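# Coordinate analysis (summary)
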Amino acid sequence: MSENIQILLVDDEPDILEFLSYNLVKEGFIVYTASNGQEALELAIKLKPALIVLDVMMPGMDGIETCLEMRRVDALKPTLIIFLTARGEDYSQIAGLDAGADDYIAKPVQPRVLVSRIKAMLRRVKPETAEGVAAIHIGGLIIDREKYVVMKGQQEINLPRKEFELLTLLASTPNRVFSRDEIYTRIWGDDVILGERTIDVHIRKLREKIGGENIKTIKGVGYKFDD
């Protein structure tokens, strides 16, 4: 599965870049490195890697700002982003997910954990057309799973991959309640460990971007999309 998959590692500590690169290359990944946010942004636009591992705490343009800039680039919308962080869990998780990250891993990084997390995330990446219909028309939205675009009227809405997948899941079966456990499993997979607020943050961001009238909270159960 690792063959020809490009990964961009971003950290201002050369020892960490060398250490993580070595372990990922051993697994068959094609690895590129950057030591700061600006370099990472330029490389990401050029390479369009499948996944970016991005340190949060960097001088100059930090990881949060770098991630925000990356998510403004249409060509990088499908790219998965994992944050490396030494900060407290609450801040890192909320700030990282708000910025458009898909996952985060606390430092010091264990190579086996990183490799396992990366492989688990990549297994979840499937062509949106695999489920049949390329586009969903619902609630004033057009969710184009082939072009990875959401349209609301004449407005094109840019969503990070996990927000897009979450919206697509909810909209795929209108009025059906998806439990939190099912959402975790279908969007992130059983072998990815996330904090309790992960879904809530993604739902909040979706409501901010597409409007809150369609996505309903079923207290103590999960969420549904009303058509």
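All values reported here derive from a predicted model rather than from experimental measurement. (Residues numbered from 1 in each chain as written. Predicted model: local features only at pLDDT ≥ 70, side-chain atom pairs only at ≥ 80, totals over all residues. Heavy atoms only, no water.)

## Concerning the overall build of the protein chain
The secondary structure content of the protein chain amounts to eight helices and twelve strands. Looking at the 227 residues of the protein chain, the share that counts as buried comes to 51%. Partitioning the intrachain contacts of the protein chain with sequence separation of at least 6 by distance along the chain shows that 59% fall at a separation of at least 24. Accessible surface computed for the protein chain: about 10700 Å², of which carbon and sulfur atoms make up 50%. (Helix = DSSP H or I, 4+ residues; strand = E, 2+ residues; numbered from the N terminus. Buried < 20%, exposed > 50% of the residue type's maximum accessible area, 1.4 Å probe, protein only. Contact = heavy atoms within 4.5 Å. Areas by Shrake-Rupley, 256 points an atom, 1.4 Å probe, with all protein chains shown as cover.)

## Observations concerning the layout of surface pockets
Within this model, the second largest pocket holds a volume of roughly 170 Å³. Along its surface, the second largest pocket is lined by 13 residues, and Leu-68, Arg-71, Ala-99, Pro-160 and Lys-209 are the ones closest to its centre. Sorting the residues of the lining of the second largest pocket by element identifies helix H3 (63–71), helix H4 (89–99) and helix H8 (198–210) as the ones contributing at least two each. Taken together, the residues of the lining of the second largest pocket sort by class into four nonpolar, two polar and seven charged. (1 Å grid on protein atoms, 1.4 Å probe; cavity = no way out; pocket = protein on both sides within 12 Å on 5 of 7 lines; lining within 4 Å. Points joined across faces, edges and corners; volume = space filled by probe spheres on them. Nonpolar A, V, L, I, M, F, W, Y, C, P; charged D, E, K, R; others polar.)

## With respect to the sheet that holds strand E3 (residues 51–55)
Strand order in the open sheet made by the five strands is E2-E1-E3-E4-E5, with parallel pairing throughout. Looking at which strands have only one partner, the edges of the open sheet turn out to be strand E2 (30–34) and strand E5 (103–106). Taking the axes of each pair of neighbouring strands and ignoring which way they run, one obtains an average angle of 20 degrees across the sheet. Relative to strand E4 (residues 80–85), E3 runs parallel, the two sharing five bridges. Residue Leu-51 lies in a different strand from E4, and its bridge partner there is Leu-80. (Pairing = 2+ DSSP bridges. Axes fitted to C-alpha atoms, helices over the stretch in contact; angles between N-to-C directions.)

## Things to note about the sheet that holds strand E11 (residues 215–218)
Two strands in a sheet stick together by hydrogen bonds in their backbones, pointing the same way (parallel) or opposite ways (antiparallel). Within the open sheet, the three strands sit side by side as E10-E12-E11. Their pairing is antiparallel. Two strands lie at the open edges of the sheet, namely strand E10 (178–179) and E11, each paired on one side alone. Here E11 pairs with strand E12 (residues 222–225) via four bridges, running antiparallel. When the bridges of E12 are listed, Ile-218 appears paired with Gly-222. With respect to the sheet, H8 is in contact with E11 and E12, its orientation differing from that of E11 by roughly 150 degrees.

## Thoughts on the pattern of salt bridges
This structure, assessed with the given rule, holds 18 salt bridges. Here Lys-107 and Asp-55 are joined by a salt bridge, their closest N and O atoms 3.1 Å apart. In this pair, Lys-107 sits in the loop between E5 and helix H5 (111–123) while Asp-55 sits in strand E3, placing the two residues 52 residues apart along the sequence. Put simply, Asp-11, Glu-13, Asp-55 and Lys-107 are held in one network by salt bridges that share partners. (Salt bridge = Lys/Arg side-chain N within 4 Å of Asp/Glu carboxyl O.)

Distances and angles like these do not, on their own, reveal function.
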